[in-house]
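A closer look at the structure
Next come the chains, spelled out residue by residue.
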Amino acid sequence: MKRQNVRTLSLVVCTFTYLLVGAAVFDALESETERKRWNHLLELKAALVRKYSISEDDYRMMEVAIIENKPHKAGPQWKFAGAFYFSTVVLAMIGYGHSTPVTIGGKAFCMAYAMVGIPLGLIMFQSIGERLNKFASVVIRRAKQYLKCKKEEATEMNLMFATGMLSSVIITTGAAVFSKYEGWSYFDSFYYCFVTLTTIGFGDYVALQVLIKCFSRNTFSILVLYASYHLTFICFQTIIS
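Every chain's residues receive numbers from 1 upward, in the order its sequence appears when written. Under the rules for a predicted model, residues below a pLDDT of 70 receive no local features and side-chain atom pairs below 80 are neither given nor counted, while totals for whole chains, interfaces and linings still include all residues. Only hydrogens and water are set aside; all other atoms, that is, all heavy atoms of the structure, feed into the side-chain values.

**Brief notes about the overall build of the protein chain**
For the record, the criterion: Helix numbering and strand numbering both begin at the N terminus, where a helix is a DSSP run of H or I of at least 4 residues and a strand a DSSP run of E of at least 2. Burial status follows relative accessibility: with a 1.4 Å probe on protein chains alone, a residue under 20% of its type maximum counts as buried, one over 50% as exposed, and anything between as partly exposed. A contact between two residues is defined here by any heavy atoms of the two lying within 4.5 Å.
A count of helices and strands for the protein chain gives seven helices and zero strands. Counted from the first residue to the last, the protein chain has its helices and strands arranged as α-α-α-α-α-α-α. In the protein chain, which comprises 241 residues, the proportion classed as buried is 24%. Relative to all contacts within the protein chain whose residues are 6 or more apart in sequence, the contacts with residues 24 or more apart total 54%.

The structure is reproduced here in structure tokens:
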């Protein structure tokens, strides 16, 4: 068997094994909690139906209304600000899933928009990344000159270390900001930053979903600055990743 085929087969086996290990670990960590939560929800449903004599159809209608309303705590998602946020998420390929187009026109435009916008965004992010690498190389070279190192040129290992440090700074500071303004725990905020950095975008945590009416006029400017920070955070996360 050719060497390339052996390498490909080995990667397939390793990846599949990794998937099996991941499935086993997630099963062990999450399944029992899921079962308890599901049983608790069934008990609450039964108690609610008994207390108010709700029919099955009425309960389903109420359930749909609550589920449909849950991702939209911040109000309408398709005004210009929300649409701009959605467009940013599309180009960054995160896809939180908190808002999705429902009309045929919206879905068709989303596909066409993504086909053009994603390559454009990748080219832009790559170009900015190259400029950041150039800047990092200059900083590393100056630092080595100051420390009087024998080799003054920035190596790939130096750039990888700088990228890792920058990623760590962005994640930790981002987690602190999101923890403050979103009301999440620091660990949940850190988790959100990591999911955003890796462009996984589960959608279990989505920023900028706080109620705008909770902010007074004096603090509305803070909300605008926070929204701008979040969009910048997404862009920098995508550039680094």
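Right, picking up where we left off after that structure.
**Re helix α1 (residues 3-52)**
We count it as follows: One fewer than the residue count of a helix, multiplied by 1.5 Å, yields its expected span. Here the bend at a residue is taken as the angle between two axes, fitted respectively to the seven residues that end there and the seven that start there.
For α1, which comprises 50 residues, the first-to-last C-alpha distance of 69 Å matches the rise-based estimate of 74 Å (1.5 Å per residue) to within 8%. A maximum bend of about 40° is found in α1 at Glu 30. Among the residues trailing α1, Ser 53 stands out with phi positive, at a value near 50°.

**Quick look at the packing of helix α3 (residues 80-91) against helix α4 (residues 104-146)**
Quick note on the threshold: Angles here are taken between N-to-C directions and fall from 0 to 180 degrees, while the axes themselves are lines fitted to C-alpha atoms, restricted in helices to the stretch in contact. Oblique is the label for every angle not falling under 35 degrees (roughly parallel), over 145 degrees (roughly antiparallel), or within 65 to 115 degrees (roughly perpendicular). Residues are grouped as follows: Ala, Val, Leu, Ile, Met, Phe, Trp, Tyr, Cys and Pro are nonpolar; Asp, Glu, Lys and Arg are charged; all remaining types, including Gly, are polar.
Their axes nearest at 8 Å, the elements α3 and α4 cross at an angle of 65°. Between α3 and α4, the angle falls in the class roughly perpendicular. Between α3, through Phe 86, Ser 87, Val 90 and Leu 91, and α4, the contact on the second element is made entirely by Cys 110, Tyr 113, Ala 114, Gly 117, Ile 118 and Phe 125. Here the residues of the contact of α3 with α4 are counted per class, giving eight nonpolar, two polar and no charged.

**Overview of the nonpolar core**
Convention followed: Each nonpolar core is a collection of buried residues, namely Ala, Val, Leu, Ile, Met, Phe, Trp, Tyr and Cys, held together in the definition by side-chain atoms within 4.5 Å.
With 20 residues, the main nonpolar core has Tyr 85, Tyr 96, Phe 178, Tyr 192, Cys 193 and Ala 207 as its most contacted residues. Those elements that provide at least two residues to this core are α3, α5 (156-182), α6 (186-197) and α7 (217-240). Sequence-distant contacts of Tyr 85, that is, excluding residues within four places in its chain, are made with Tyr 96, His 98, Tyr 192, Val 206, Ala 207, Leu 208, Gln 209, His 230, Leu 231 and Ile 234.

**Observations concerning the UniProt feature "transmembrane region" (unreviewed entry) in the protein chain**
Test applied: UniProt positions are given in the numbering used here, feature names are shortened, and annotations may be inferred rather than shown by experiment.
Look at the UniProt record and you will see "transmembrane region" (unreviewed entry) annotated at residues 80-98, 104-125, 157-177, 189-208 and 220-240. Within the segment residues 157-177, helix and strand shares are 100% and 0% respectively, and the terminal C-alpha atoms sit 30 Å apart. Helix makes up 45% of residues 189-208 and strand 0%, and the two end C-alpha atoms of the span are 13 Å apart.

**Observations regarding the pattern of salt bridges**
The condition that has to hold: A carboxyl oxygen of Asp or Glu within 4 Å of a side-chain nitrogen of Lys or Arg is what we treat as a salt bridge.
A complete count under the given rule lists four salt bridges for this structure. Glu 56 is the partner of Lys 45 in a salt bridge, and the nearest nitrogen-oxygen pair spans 3.4 Å. With Lys 45 in helix α1 and Glu 56 in helix α2 (residues 56-69), the pair connects residues that are eleven residues apart, well separated along the chain. Residue Glu 63 is joined to Arg 60 by a salt bridge in which the shortest nitrogen-to-oxygen separation is 2.9 Å. Here Arg 60 and Glu 63 lie together in helix α2, a separation of three residues that amounts to about one turn. Put simply, Lys 45, Glu 56, Arg 60 and Glu 63 are held in one network by salt bridges that share partners.

**Describing unusual backbone geometry**
Not every positive phi belongs to a glycine, and Ser 53 is a case in point at roughly 50°. Within the secondary structure, Ser 53 is located in the loop between α1 and α2. Classification of Ser 53 as exposed rests on a relative accessible area of 65%. A positive phi is found at Met 93, a non-glycine position, where the angle reads about 60°. Tracing the backbone shows Met 93 in the loop between α3 and α4. Owing to a relative accessible area of 40%, Met 93 belongs among the partly exposed residues under this scheme.

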